[in-house]
Amino acid sequence: MERTYLKINPADNVAVAIAPLKSGDTLDVDGQRIVLKTDVPAGHKVTLKDLAEGEDIIKYGYPIGHALRPVPQGTWICEQDIKTNLAGLLDYTYQPVDASLDIPAEHRTFKGYRRKNGEVGVRNEIWIIPTVGCVNGIVNQLAEALRQETNGVGVDAIVAFPHNYGCSQLGDDHKNTKKILRDMVLHPNAGAVLVVGLGCENNQPDVFQQFVGDYDEERVKFLVAQKVDDEFETGMALLRDLYDKCTTDTRTDIPLSELRVGLKCGGSDGFSGITANPLLGMFSDYLVAQGGTTVLTEVPEMFGAETILMNRCKTPELFEQTVRLVNDFKEYFLSHGEPVGENPSPGNKAGGISTLEEKALGCTQKCGKSYVTGVMGYGERLQTKGLNLLSAPGNDLVAATALASCGCHLVLFTTGRGTPFGTYVPTMKVSTNSGLAARKPGWIDFNAGVIVEDEPMAVTCARFTDYVIRVASGEYVNNEKKGYREIAIFKTGVTL
């Protein structure tokens, strides 16, 4: 018989409808016969017992909020019936757990580009990066001209990355812009970079050049538009030289231990915590066990599940850094008069996600069960292998840009609603349900919906791992095929 519901954890007092359920349908749950009193959309929750007003709703074995009113057994329960338990800043106690992994090393490889400084890239692209939004038109024109002139032969892509910032910014905003642009210049997925400045911006090109630090001067060039007579001809001359150098690069065998992968979700639904996110968690554990690196971000979407991550921290120092990571973001919310527990996405609610805790408990499954070995601030670059936590908001493009900027070679992005976007590294979309994969084959790269259609998670993960390795070795994902490549920089303060 086709499975119509799933009780995720034995402690849960709700189940998730796998297919649409009708009033009058009968569920047999733990030997109990439950007759539905309402219709229940796919991905949404149905009560397994009578719930009193104020009683906690348990999913994944944890509270996801409490009932705003009495809710009878066998009833659809959604965001209108549930209120978050989240509040403001909290004190946390370190209660470490054993997060050891029993996964054998397989010594697998992928085909990547070994750079002069020893780092590895999974793409060999030419990037044109503006220091300020005033030159966006120039960088777009240069990229298009080089594509037309070369037909892109010999490199994986030629891309300009316009943005709105680099001038009229103060404080942290100015620092954030410099950090993200520096991280892009140094990213090993770029075989060559042309940095284009105007000359009078806050992000002064000569100061920014020093801020970048050590870089390969043969592969990174700077152009200040106000200092040359013809910025287009000067830029094209620099790009032709960079292009000639890039076309000599070749892929070689790279140990999987050098792969760095970002973990992200967006447009979640009730299946996210059942299919795609646990799939990424299993993959994350596998990659970490091979000596590789994964990075989890979206700090606001850790609220309600943060203690799970805190207690997996390898050391007390990492625990304290994670506490600061979470409470600093809560203070950011509160300083703007926003509630800590707000779930801002209508798409999440329509997909069956009722509270931020519910989103968080599904979201954190993307990072599996391994130890946390590193914690990074926004714009910082990876220093430690294994599972890392990164400070960034939940916004899809801002968070994905931050993941790329810390050094991730690609971003794995789970979604129950679908999205076409991509950041400046390959952005692989993993659907939570098969219907989305069938409707949007031009968006979705891998379908995890088969997991509720009785394909064992381990089988799906083996297929997924093979696919990730193919992508790391050069196979394009949909955002690359369609040229959907953007960046977004976190902004918190005043614009002059």
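In case you missed it, the structure is sitting above this.
Residues numbered from 1 in each chain as written. Predicted model: local features only at pLDDT ≥ 70, side-chain atom pairs only at ≥ 80, totals over all residues. Heavy atoms only, no water.

Turning our attention to the overall build of the chain. When you go through the chain residue by residue, the secondary structure sums to 13 helices and 23 strands. Against the 2.2 N^0.38 benchmark of 23 Å for 496 residues, the chain shows a C-alpha radius of gyration of 24 Å, consistent with a compact globule. Once the C-alpha set of the chain is aligned to its principal axes, its extents read approximately 80 × 45 × 40 Å. Out of the 496 residues in the chain, the part that is buried amounts to 58%. (Helix = DSSP H or I, 4+ residues; strand = E, 2+ residues; numbered from the N terminus. Rg over C-alpha atoms; globule rule 2.2 N^0.38 Å. Buried < 20%, exposed > 50% of the residue type's maximum accessible area, 1.4 Å probe, protein only.)

Attention now moves to the sheet that holds strand 16 (residues 252–255). Backbone hydrogen bonds are what pair the strands of a sheet, in a parallel or an antiparallel way. Pairing is antiparallel in the open sheet, where three strands are placed in the order 11-10-16. Two strands bound the open sheet, and with one partner strand each, they are strand 11 (120–121) and strand 16. Alignment of strand 10 (residues 109–114) against strand 16, held across four bridges, turns out to be antiparallel. Each residue of the ladder has a partner; that of Lys111, found in strand 16, is Asp253. (Pairing = 2+ DSSP bridges.)

Topologically, Ala52 is positioned in the loop between strand 5 (45–47) and strand 6 (56–59). For the pair formed by Ala52 and Ala437, sequence separation is 385 residues and the distance between their alpha carbons is 38 Å.

What follows is about unusual backbone geometry. You will see that Tyr60, though not glycine, has its phi angle at about 60°, which is positive. The phi angle at Asn151 is positive, at roughly 60°, despite the residue not being glycine. One can find Asn151 in the loop between helix 1 (136–150) and strand 13 (157–160).

The next thing to look at is the pattern of salt bridges. The final tally for this structure, using the stated rule, is 28 salt bridges. Of the charged contacts in the structure, one is a salt bridge between Lys59 and Glu358, with a shortest N-O distance of 2.7 Å. Of this pair, Lys59 sits in strand 6 while Glu358 sits in helix 9 (residues 356–363), and the two are 299 residues apart along the sequence. On the accessibility criterion, Lys59 (1% relative accessible area) is buried. What you see here is one network of salt bridges that share partners, running through Lys264, Glu298, Lys366 and Asp396. (Salt bridge = Lys/Arg side-chain N within 4 Å of Asp/Glu carboxyl O.)

The values reported here are purely geometric and, on their own, carry no functional implication.
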